[in-house]
Amino acid sequence: MEVRFKNFLFTLLFWALANSALAQNLAFITNQLENTVSVIDTANKSVIKTIEVGIKPAGVVASFDNEYVYVSNPGNQEVSVIHTDSLAVVKSIKVGQAPLAMTLSHDDKKLFVADWHMDTVFTINTQSFEIENEFPVGDAPSGITISNDDKTLFVANKKDNAVLFVDSTSGKIKSEIKVGKAPFGITPDYDKHLLYVVNVQSEDVTVIDIKNAKVINSFPVDTFPYIVVIDEVRNHLFVTNKRDSSVSVVDRTSYEEIKKIYVGEMPEGINMHPDGQSLYVANWFDGTVSVIDTNTLEVTETIETGEGSRAYGQFIIER
Amino acid sequence: MNYIKLSLLSILLIPALASAHGPTPLKFDLEVEVSASPDEVWSMVNKLCSVKDWNESITECSSTGEGLGAFRELTLDNGEVLKEEVTKVQEDRKRILTTLKVEGGRVIKGMPIRSMGTFLSVAESGSGAKVKIRGTAYSSFEGKSPPPDRTDAACKAAVEALHTKTLNGMKKYFESK
């Protein structure tokens, strides 16, 4: 019995090791000034492939099942669909005039694409890759995310200085909430039922209570901030400050700044690695990605990617 | 007190400046070596109208204040006036950020951008200094088919031409000192 149990443990250990060796997390970095996506293998922090996409690729969103990565190309009005096995573009979908920010329903069935020039959100059916719905939002939609139950889209509209709560099926506007000046990135904190909205020109973050659709707080960051990500374990928020070339680390409860981390020039896209141990930050001006250790809050690596690395959205997949 | 109230009111009444940032910024990245110490160059850079001595396309310059929040108005040889604000000063990195905003709808003759953020930095290099002008600008054209004189490429070329004149002028200026 004991021997059999030991064997079982060995088998389990072997299976775990084999799996971890096979597991390969990939980061897809849109390079806006060279029309490519750099694929980084996060295990050895190197670019394993550079994929040609559309023109001026900016936004990115990985599917929850890790099978597809969608890239928005405002330069030629299309969304490129990358399959994560072949690391090739398998489909290009024509969308609007300037598709930028994107989000997916949690079942991966609907891709919502905000169009900067048309002030419209397009719904793309991810089975047929066809546009199945569209509805008007505010002026210059810059950021979009979705509620945990997929019923509501939250859309930041840069020129309205406001966030809209929009029914994801009917497009009906449920609330409009005034935020700071020139909102861009919008990040849900599902545990706390909050939204963090980064205001580029007022250089602060507005905190919105989702249930009551009300602003409950705001806190300052640095010059030209873009996006928030959350570290639930250490209770931190991270905000990229494009024209300070830094990331602000902020306490998720008190909203006090804990530290400022200098990264490459003009950081924008930022993601938590699936293991929670590091952050990936795309530096637009340098064409690099800085890796930050979430424990020490120091930059540990800088990876060369491509011209104009932006990675605006959810860009890491887990396999 | 009344005066303060009045100024606050007047600020509120100024029509909103163009605050749009389309999806794709343009990048510029230029540098030059000059024969002066970084400290000397840096102190000149902080006098906002020094640029008039360097850039032959700038015919007039007026400024208010120094450091963060200061403004300068540059008149170009084609009659255009550019108003820039100092939005960041990093003494430790010898780096200053000036931000140009263009009122909504106005198209600057010869340089059709609607906003620009320009970092000028000074670093040690050999026995002299290296000056970099780097930053981002946004085309004033919104939509997918700009006319040829308002494309991203046209904007980038115009912005680079302006900054190149500043850098070349700096080189000459410090050489002849």
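Scroll up for the structure.
Below is a short write-up of the structure. (Residues numbered from 1 in each chain as written. Chains lettered and ligands numbered in written order. Predicted model: local features only at pLDDT ≥ 70, side-chain atom pairs only at ≥ 80, totals over all residues. Heavy atoms only, no water.)

Turning our eyes to something else, we now look at the packing of aromatic side chains. Under the criterion given, the structure shown has eleven aromatic pairs over all chains. Consider the rings of Phe154 of chain A and Phe165 of chain A, whose centres lie 4.7 Å apart with planes at 70 degrees: the pair is edge-to-face. Residue Phe154 of chain A is found in strand β13 (residues 152-157), and its partner Phe165 of chain A is found in strand β14 (residues 162-167); the two are separated by eleven residues along the sequence. Look at Phe154 of chain A and you get buried, because its relative accessible area is 1%. Ring geometry for Trp54 of chain B and Phe174 of chain B: centres 6.3 Å apart, planes at 40 degrees, overall tilted. Taken together, the residues span a long stretch of sequence, with Trp54 of chain B in helix α3 (residues 50-54) and Phe174 of chain B in helix α4 (residues 152-175) at a distance of 120 residues. Residue classification places Trp54 of chain B among the buried positions, given a relative accessible area of 6%. (Phe/Tyr/Trp six-rings, centres within 6.5 Å; stacked < 30°, edge-to-face > 60°. Helix = DSSP H or I, 4+ residues; strand = E, 2+ residues; numbered from the N terminus. Buried < 20%, exposed > 50% of the residue type's maximum accessible area, 1.4 Å probe, protein only.)

Residues and elements named next belong to chain B. Along the chain, Gly105 turns up in the loop between β5 (95-101) and β6 (113-125). Looking at Gly105, the relative accessible area reads 75%, which means it is exposed. Each C-alpha atom of the pair Gly105 and Phe141 lies 9.2 Å from the other, and the pair is 36 residues apart in sequence.

In this section: the sheet that holds strand β6 (residues 78-83) of chain A. Residues and elements named next belong to chain A. In spatial order, the strands read β7-β6-β5-β4-β28; together these five strands make up an open sheet with mixed pairing. Bordering the open sheet on either side are β7 (88-94) and β28 (312-314), each of which pairs with just one other strand. The mean inter-strand angle of the sheet, taken between neighbouring strand axes irrespective of direction, is 15 degrees. Relative to strand β5 (residues 68-73), strand β4 (residues 59-62) is paired through three bridges, and the arrangement is antiparallel. If you follow Val60 over to β5, its bridge partner there is Val71. (Pairing = 2+ DSSP bridges. Axes fitted to C-alpha atoms, helices over the stretch in contact; angles between N-to-C directions.)

Tallying the contact residues gives 30 residues for chain A and 29 residues for chain B. For the pair chain A and chain B, the summed buried area comes to about 2400 Å², and 51% of that belongs to carbon and sulfur atoms. In this assembly, chain A and chain B are joined by six salt bridges. Across the salt bridge formed by Glu265 of chain A and Arg134 of chain B, the nearest N and O atoms sit 3.6 Å from each other. Put simply, chain A and chain B have ten residue pairs in polar contact (both at pLDDT 80 or more) between them. (Contact = heavy atoms within 4.5 Å. Buried area = accessible area lost by both parts, 1.4 Å probe. Salt bridge = Lys/Arg side-chain N within 4 Å of Asp/Glu carboxyl O. Polar contact = N/O pair within 3.5 Å; in protein donor to acceptor, adjacent residues only side chain to side chain.)

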